[in-house]
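Coordinate inspection notes
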Amino acid sequence: MMKFRFRRGGHDPQRDRIKQELFAFNKTVEHGFPNQPSSLAYDPKLRIMAVGTKSGAVKIYGAPGVEFTGLHRETATVTQMHFLPGQGRLLSLLDDNTLHLWEIYHKDGCSHLEEIHSFALPGRPGFDSANSPPSIARVTVILLKSACDVACLGTEGGGVYFLELSGLTLLEDKALFQDEILQSVPDDYRCGKALGPVESLQEHPQDPSKILIGYSRGLVVVWDEIARKVDHLFLGNQQLESLTWERSGKTVVSSHSDGGYMVWSLNSSSQKTLQPLLSTIPYGPFPCKAINKILWRTCESGSHFIIFSGGMPRASYGDRHCVSVLQGQTLVTLDFTSRVIDFFTVHNTEAAEGEFDNPRALVVLVEEELVVIDLQTPGWPTVPAPYLAPLHSSAITCSYHISNVPLKLWERIISAGEQQNPQLSSVNWPIDGGKNLAQEPTQRGFLLTGHEDGTVRFWDASGVSLKPLYKLGTANIFQTDCEHNDSLNQAEEEWPPFRKVGCFDPYSDDPRLGIQKIALCKYTARMVVAGTAGQVLVMELSDEKSEHAISVATLDLLQDREGFTWKGHDRLAPKNGTIAFTPGFQPSILVQCLPPAAVTAVTLHSEWNLVAFGTSHGFGLFDYYRRNPVLARCTLHPNDSLAMEGPLSRVKSLKKSLRQSFRRIRKSRVSGKKRVPTSSPSSKVQEANAQLAEQAGPPEVEMTPVQRRIEPRSADDSLSGVVRCLYFADTFLRDATHHGPTMWAGTNSGSVFAYALEVPSQEKFSERAVEAVLGKEIQLMHRAPVVSIAVLDGRGNPLPEPYEVSRDLAKAPDMQGSHSVLISSEEQFKVFTLPKVSAKTKFKLTAHEGCRVRKVALVSFASAACEDYAEHGLVCLTNLGDIHIFSVPGLRPQVHYDCIRKEDISGIASCVFTKHGQGFYLISPSEFERFSLSARNITEPLCYLELTRRHDGTCLG
């Protein structure tokens, strides 16, 4: 007998080279607002700003596109940061009492940030100080001398130490202890008590050899470094919070724990000043909270500015987060919705700029956003920020990306956004240091985020800076408590003169308003927005204001199915009569699903005037031109009782919910790997339990070296009727010779429904109704949830979007060869031929990799080496946070990358892919991480910072 040996396909060097030219994984930039900011710094020479966070991150920002990010090795809070002006160096202090020196350096024509030195201060807890200088207590305040050579460290023990900056070495002989200060203090002031921690250190604005030192107990000292003597004493008797110099050095302002501030004169011939020129409690006479920080800025055109944080009346407004701006008789109390971290002014700092500060802007960092106030324009309006926008001003509930946005739509969206905020300042962004070297984006991109409060926000995602463009609100369409809140705000007292600033507002008037799904046609400017209470809004973009009533249609997805009673929330009641709308997207029709469950899938075909939507009960098809329903299909299984509860109903019975959760956890630990569907809004508890089961259950049984056992799912699993995806396609469904419009729906139980649609020609839209006939019904063997459906043409390419071909923006699909449908479930990808629906190719991801599919997209990868070469790939994100790329239609694995931590369930759930090989996912409630899978299409910061640094590390004059 003859034996034949077949050679296994080895590595193809040419294919490997093509892969390198197509695919490359990079995490490129973080969009949004840093999570849990803890400190702020500003360099007036380079006009750049730094934000430190509780996780040890340092983020530096200049002009839009100029960004640097660093991360301390220690996961500790950055409590203070100070720039060495003009040098591109930054000194940071962590809450573990360590100091770190960062430096911006140049490489390959671009600037980068790195940590160059660190210094562990002796005497901190757990630190072996046997060979160290005398103990240094915890650092409370840092002052960088203007010569950029020495840092002064004030401590809890009341000592002041001096650190040489170039190598972070302690200058022991210069240390200043309280004993030395107390020798100059009158006996009756001393009273045998210590002076307390150092609260403030400020260099004399005209004489760098003198330092202003403020102690907690209230004593303020001007210390002459060269003569090593006390130059002046201010004998304050109120607990000190902060100090600031007036520019000439003749006046000192101190703020205190009783909510007051004092102005002290340095003009007196005496060495001691017993009484201040002015002592006032701005929001008195009743007890007030401490003024944590105060600034005094002189102004050539009029009265000086006094700016301070805190000081609110304790009983009435002790919970408010405020920064007050006082100029002459004008007082504005800026009222923020989160805690004030720090603030600074952008003003003249050089002697050559004159003898006045002339502040241009006030920059306030609060816990959830950054707000900039224009101090030169009457009324002190807010300056719109080109970056650092609080994405989470209301919690993000969904995301949607649109590539290659047409210029006309882009301009119309920007115009609508500008008309929304006429009260904003028109001055340029004041933090504008550095140069953005990145090329102008080759195409415009929108990132849309849906929010808990019923808003959809449009962001410019074309470049490094994620810039807000337009906000669409849907709450005004429904009867909610919004109007009541507005009337409450108007009824507030006139004193203090509060002004609401910032846009962070985490409270939703009604959880049913939350946006769940978005679809937008970029060619017709038509959009569909679907929410938590089954509301589906069809909207059109209008450049004019309008007042009109909204048509309302209802669609019963249960189709009179007996035995089911909806126990969840009620539908949102639309307002009666006409509603006023501003320029932008305006609703034309509201389709209400019944029962009013959260919408789980939506798709739009503007060429056919159709919108399809699905919930946990079924799916519907609606003709928004004729304003009538085309189809409703119930997908419920007889045992789908959980689908009738709704995600909000279980809040009513917390105890019952907790009991059920613990029972499920115990059950999942016993049953090991029993699978549960995890992506519907109602099944977050099950997802958590599945994670626990994976961690606690027995290991997988290995069937073969490469394949794992997949347990078939029970047909009566709860929530099996959830509609996971919907899709429109012009393809062959009835026979191989006639193609036409079709609609596809996939469910949680692995069912796929394909409908043939009779869509009239555009001339006959008003005469004939659209009809839908069930053409095919596919049941996947393992009943895994269907994540995505896509039809491929005769060449194996995805079908173009509506209007792309008719407007010469895409090649016409191949309608000669046979089409196929690619169905992606949580466990495998499978290609079926059309119209016969016979299996052609498949890849069992769960069997091979032991993971489950969470997100899928068809992506076009352009070659980095050849301008004209591109390939389509199937990109898949798994529950382990891995990204796999497969060829289409062959489903051959190409590359895979580790992208998101598998424990980061919310990050995986929030991921969205673009059509050209990039993606976004939430790394915190307020930040998107942007990544690239394409070797050619990369969006990353490329910037340059002009530095004035000598080789010895000191500043240039």
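Residues numbered from 1 in each chain as written. Predicted model: local features only at pLDDT ≥ 70, side-chain atom pairs only at ≥ 80, totals over all residues. Heavy atoms only, no water.

Under an unreviewed UniProt entry, the name given to the protein is LLGL scribble cell polarity complex component 2, and the organism recorded is Alligator mississippiensis.

Notes on the overall build of the protein
Scanning the protein from N- to C-terminus turns up 10 helices and 63 strands. The burial tally for the protein puts 55% of its 957 residues in the buried class. Summarising the internal contacts of the protein: among those between residues at least 6 apart in sequence, 60% fall at separations of at least 24. Element-wise, carbon and sulfur atoms account for 49% of the exposed surface of the protein, whose accessible area totals about 42300 Å². (Helix = DSSP H or I, 4+ residues; strand = E, 2+ residues; numbered from the N terminus. Buried < 20%, exposed > 50% of the residue type's maximum accessible area, 1.4 Å probe, protein only. Contact = heavy atoms within 4.5 Å. Areas by Shrake-Rupley, 256 points an atom, 1.4 Å probe, with all protein chains shown as cover.)

Concerning the pattern of salt bridges
Summed over all chains, the structure comprises 30 salt bridges. For Arg 724, the salt bridge is made with Glu 826, and the minimal N-O distance between the two is 3.4 Å. Taken together, the residues span a long stretch of sequence, with Arg 724 in strand E48 (residues 723-731) and Glu 826 in the loop between strand E53 (820-825) and strand E54 (828-833) at a distance of 102 residues. Taking relative accessible area as the criterion, Arg 724 reaches 15% and is therefore assigned buried. What emerges from the salt-bridge pattern is a single network uniting Lys 145, Lys 174, Glu 203 and Glu 225. (Salt bridge = Lys/Arg side-chain N within 4 Å of Asp/Glu carboxyl O.)

Side note on the sheet that holds strand E35 (residues 467-473)
In space, the four strands of this open sheet follow the order E31-E33-E34-E35, with antiparallel pairing throughout. At either margin of the open sheet sits one strand with a lone partner, and together these are strand E31 (396-402) and E35. Within this sheet the neighbouring strands show an average axis-to-axis angle of 20°, counted without direction. With five bridges joining them, strand E33 (residues 446-451) and strand E34 (residues 455-460) adopt antiparallel strand pairing. Residue pairing in the sheet places Phe 446 in a bridge with Asp 460 of E34. Set on the sheet, helix H5 (residues 407-420) makes contact with E33, E34 and E35; between it and E35 the angle comes to about 75°. (Pairing = 2+ DSSP bridges. Axes fitted to C-alpha atoms, helices over the stretch in contact; angles between N-to-C directions.)

Looking at the nonpolar core
Considering soluble globular proteins, one finds that nonpolar side chains tend to be buried as a cluster. Membership of the largest hydrophobic core comes to 34 residues, with the highest contact counts inside it found for Ile 413, Phe 446, Leu 448, Phe 458, Met 527 and Phe 585. Sorting elements by how many residues they give to this core places H5 first, with four residues. Within the second largest apolar cluster, 23 residues are counted, among which are Val 150, Leu 195, Leu 233 and Leu 235. (Core = buried A, V, L, I, M, F, W, Y, C linked by side-chain atoms within 4.5 Å.)

A closer look at the UniProt feature "repeat: WD" (unreviewed entry) in the protein
Under the UniProt annotation, "repeat: WD" (unreviewed entry) lies at residues 446-460. Helix makes up 0% of residues 446-460 and strand 80%, whereas the separation of the span's terminal C-alpha atoms amounts to 5 Å. (UniProt positions renumbered as here; feature names shortened; annotations may be inferred.)

A look at the confidence of the model for the protein
On average, residues of the protein score 87 in pLDDT, and 86% of them reach the 70 mark or higher. Confidence over residues 1-8 falls short of pLDDT 50; this stretch has zero contacts with residues more than four positions distant or in other chains. In the predicted structure, residues 953-957 sits below a pLDDT of 50 and forms 18 contacts with residues beyond four places in sequence or in another chain. (pLDDT = per-residue confidence, 0-100.)

Re the environment of Ile 306
With respect to the helices and strands, the residue Ile 306 is situated in strand E24 (residues 305-310). For the pair formed by Ile 306 and Leu 331, sequence separation is 25 residues and the distance between their alpha carbons is 9.5 Å.

Remarks on the packing of aromatic side chains
Tallied over the entire structure, the rule returns 26 aromatic pairs. With centroids separated by 5.6 Å and ring planes inclined at 45°, the aromatic side chains of Tyr 283 and Trp 495 adopt a geometry described as tilted. Of this pair, Tyr 283 sits in the loop between strand E22 (278-280) and strand E23 (291-297) while Trp 495 is found in the loop between helix H6 (482-490) and strand E36 (498-500), placing the two residues 212 residues apart along the sequence. Look at Tyr 283 and you get buried, because its relative accessible area is 2%. Grouped by ring-pair contacts, the aromatic residues Phe 25, Tyr 897, Phe 913, Tyr 921 and Phe 931 constitute a single cluster. Here Lys 174 stacks its cationic end above the ring of Phe 162, 5.3 Å away from the centre of that ring. One Lys or Arg, Lys 293, reaches over the ring of Phe 343 and ends 5.0 Å from the middle of that ring. (Phe/Tyr/Trp six-rings, centres within 6.5 Å; stacked < 30°, edge-to-face > 60°. Lys NZ or Arg CZ within 6 Å of the ring centre and 35° of its normal.)

Some remarks on the pairing of strand E62 (residues 927-934)
Counting buried positions along E62 yields eight of eight residues, so the element is predominantly enclosed. Relative to E62, strand E1 (residues 23-32) is paired through seven bridges, and the arrangement is antiparallel. From the neighbouring strand, Lys 27 faces E62, where its bridge partner is Phe 931. Strand direction decides the pairing type here: strand E61 (residues 918-924) and E62, joined by six bridges, are antiparallel. For Tyr 921, the partnering residue across the bridge sits in E62 and is Glu 929. The antiparallel pairing of E61 with E62 creates a hairpin that spans two residues between the two strands.

Points about the pairing of strand E49 (residues 740-747)
A large share of E49 lies buried, amounting to eight of its eight residues. In the sheet, E48 pairs with E49 via eight bridges, with the strands oriented antiparallel. By the bridge assignment, Leu 726 is partnered in E49 with Ala 745. The sheet contact formed by E49 and strand E50 (residues 751-758) spans five bridges and is antiparallel.

Re the environment of Cys 725
Relative to the elements of secondary structure, Cys 725 occurs in strand E48. Sequence separation between Cys 725 and Pro 785 is 60 residues; the distance between their C-alpha atoms is 9.7 Å. Non-local contacts of Cys 725, meaning those with residues more than four positions away in its chain, are made with Ala 601, Trp 744, Ala 745, Gly 746, Val 786, Val 787, Ser 788 and Ile 789.

Comments concerning helix H1 (residues 13-22)
Burial in H1 covers these residues: Ile 18, Lys 19, Glu 21 and Leu 22. Summarising the axial view, the buried residues of H1 lie within an arc of 165°, below the 170-degree limit, and thus occupy one face. Every exposed residue of H1 that faces more than 90 degrees away from the buried side is listed here: Pro 13 and Gln 20. Along its buried surface, H1 packs onto E1, strand E56 (853-862), strand E57 (870-878), strand E59 (893-898) and E62. (Arc of directions from axis to C-beta.)

Re the sheet that holds E59
Strand order in the open sheet formed by four strands is E56-E57-E58-E59, and the pairing between neighbours is antiparallel. Each edge of the sheet is formed by a strand with only one pairing partner; in this case those strands are E56 and E59. Each strand axis lies, on average, 20° off the axis of its neighbour in the sheet, ignoring direction. In this structure, strand E58 (residues 882-887) lies alongside E59, joined through five bridges in antiparallel fashion. Paired with Asp 882 across the bridge in E59 is Asp 898. Contacting E56, E57 and E59, H1 runs over the sheet at an angle of about 45° to E59.

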